[in-house]
Amino acid sequence: MNPTISQLYKIAKKPEKIILGLMSGTSLDGLDMALCKISGNGINTKVEILNFETVLYAIDFKEKIKQIFCKEKVSLEFVCLMNSFIGLEHSKIINNTLINWEFKNSDVDLIASHGQTIYHSPKSKHNIIEFGNSTFQIGDADQIAVNTGIITISDFRQKHIAFGGEGSPLAIYGDYFLFSSIDENRILLNIGGISNFTYLPKNLNVEEVFCTDIGPGNTLMDIYINHHFSEKFYDENAEIAIQGIVNTDFLRALINHEFFKLPFPKTTGQEVFNFEFIENAMSASDSMNLNSYDVMATLNYFTATIIVDGITKFLAQNNLNKNQADCLVGQESNHTLTKKNYSIYISGGGFNNPLLIKNIKEQLPNIKIESSALLGIHPNAKEAVLFAILANECISSDSEFYKNINNNFPSYPVWFFQI
């Protein structure tokens, strides 16, 4: 037997596995690394986070990625070169971080590598009849495996698309396994570059579990900051936005986009929500002379608004909150979700933006809104942890949980079994 296959077989049989989850998102800020001890699988999954760190990308490395990130016209040769280069850079980061954590590479059973998304094009974006959903992540996992000596599982989003999904969001599995509760209906809201949520009903009925992108998270604020405050990559503590005033005309123009009219589930990225999107909304609302502080205040409020309306519209259309049946994006609405029935737990970099969280809470005054840390996982670590869980599922498919999975998860096939 091939020694690697033999090793993988032994790992699959271990009661506990040490798995390093990697996540590099659309913010391009760095590589999130979560070293997890995982036992069980499926609904019996237990996770202990041994270490977590975000290793920031060097400016030069980030600029290289930006040359091919979310652009329709790029050098194919440079994409090819960057695929290997990112894999090598991630390998160096992994090796150095494990040393700092005082872990040997041989202590780690698996690496779960998300890769670096450079283009995401679901059918709702390209609208070309003969083509389906597509997504493209680079950062050669073979380079990671060879240069770390650790078996590496990757291409999670491609697997999801191959089984009929859109490649995003993938949080549903880990969210369901780790955070379902018989005590409350939970909404796991992640605010990264793009915002998404998972709905977990307290009846634990897997057929009601749901996950979708909502729209922009931090991405528009980050893009604008980087264009107009060149020394900044994000609005730390909302210090820019908090000085501005929300411009109603600009806000309406931002909200008036076809994506927000699409039914759930749906996915998106910076291919749609980019600097051109901001400029188009400013032009349409005659706001080109708006000062940067007011622009940031409006982008912040816009992000909160589409998050709140996305969640309430989903609950309304599923008859989970009949009072919200007429709630439309961008219109004033009485968000009357009750504290008794729903709790929201936030993860992702957006949780660190105090004004954004304030704007969300003010639009949902009756809802319990907390950090995912209250559930045991730091907001910044959650996505990397979820990919570690997917790697665990990939080699642990003998669970009783999966015997009826296709009936119970009709919208989310068991794609992660393909290595």
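Quick caveat: nothing in here was measured; it's all calculated off a predicted structure.

Positionally, N300 belongs in helix 11 (residues 292-317). Take N300: its relative accessible area is 0%, and that puts it in the buried class. Ignoring sequence-local partners within four residues, the contact set of N300 consists of M221, A241, N353, L355, L356 and N359.

Moving on: the sheet that holds strand 11 (residues 368-371). Judged by pairing direction, the sheet is mixed, and its 5 strands sit side by side in the order 9-8-7-10-11 without closing on themselves. Of all strands in the sheet, those bounded by a partner on one side alone are strand 9 (210-216) and strand 11. Here the strands of the sheet are splayed against their neighbours by 20 degrees on average, with no regard to which way each runs. For strand 8 (residues 194-200) and strand 9, the ladder comprises 6 bridges, and the chain directions are antiparallel. Paired with S195 across the bridge in strand 9 is G215. Against the sheet, helix 11 touches strand 7 (185-191), strand 8, strand 9 and strand 10 (342-347), its axis set at about 155 degrees to strand 9.

Our focus in this paragraph is the packing of aromatic side chains. Enumeration according to the criterion identifies 16 aromatic pairs in this entry. Ring geometry for F210 and F314: centres 4.5 Å apart, planes at 15 degrees, overall stacked. Separated by 104 residues along the polypeptide, F210 in strand 9 and F314 in helix 11 bring together distant segments of the chain. Comparing F210 with F314 shows no difference in burial state: the two are buried. Ring centres 5.8 Å apart and planes at 80 degrees place the aromatic pair F259 and F260 in the edge-to-face group. Assigned by exposure class, F259 and F260 land together as buried.

Looking at the protein, the pLDDT average stands at 89 and 89% of residues meet or exceed 70. For residues 321-335, every residue scores under 50 in pLDDT, and the model assigns this stretch 33 contacts once sequence neighbours within four places are set aside. Overall, residues 403-408 carries pLDDT values under 50, and its contacts beyond four positions in sequence, including any with other chains, amount to 5 contacts.

Classification of F210 by relative accessible area gives buried; the value is 14%. Separated by 10 residues in sequence, F210 and L200 place their C-alpha atoms 7.2 Å apart.

Taken as a whole and judged by the stated rule, the model has 12 salt bridges. One salt bridge in this structure joins K14 and D109, with 2.8 Å as the shortest N-O distance. One end of the pair, K14, is in the loop between helix 1 (3-13) and strand 1 (16-24); the other, D109, is in the loop between helix 3 (76-100) and strand 4 (110-121), with 95 residues separating them in the sequence. Residue classification places K14 among the partly exposed positions, given a relative accessible area of 35%. With a closest N to O distance of 3.4 Å, K261 and E258 form a salt bridge.

Looking now at unusual backbone geometry. Cis geometry is adopted by the peptide bond preceding P169, which originates at S168 and carries an omega value of -15 degrees. Cis geometry is found at the peptide bond from F264 to P265, where omega equals -10 degrees. Positive phi outside glycine occurs at N127, with the angle close to 55 degrees. With respect to the element layout, N127 can be found in the loop between helix 4 (123-126) and strand 5 (134-138). Although it is not a glycine, L204 adopts a positive phi angle of roughly 65 degrees. Assignment of secondary structure puts L204 in the loop between strand 8 and strand 9.

Conventions we followed
Residues numbered from 1 in each chain as written. Predicted model: local features only at pLDDT ≥ 70, side-chain atom pairs only at ≥ 80, totals over all residues. Heavy atoms only, no water. Helix = DSSP H or I, 4+ residues; strand = E, 2+ residues; numbered from the N terminus. Buried < 20%, exposed > 50% of the residue type's maximum accessible area, 1.4 Å probe, protein only. Contact = heavy atoms within 4.5 Å. Pairing = 2+ DSSP bridges. Axes fitted to C-alpha atoms, helices over the stretch in contact; angles between N-to-C directions. Phe/Tyr/Trp six-rings, centres within 6.5 Å; stacked < 30°, edge-to-face > 60°. pLDDT = per-residue confidence, 0-100. Salt bridge = Lys/Arg side-chain N within 4 Å of Asp/Glu carboxyl O.

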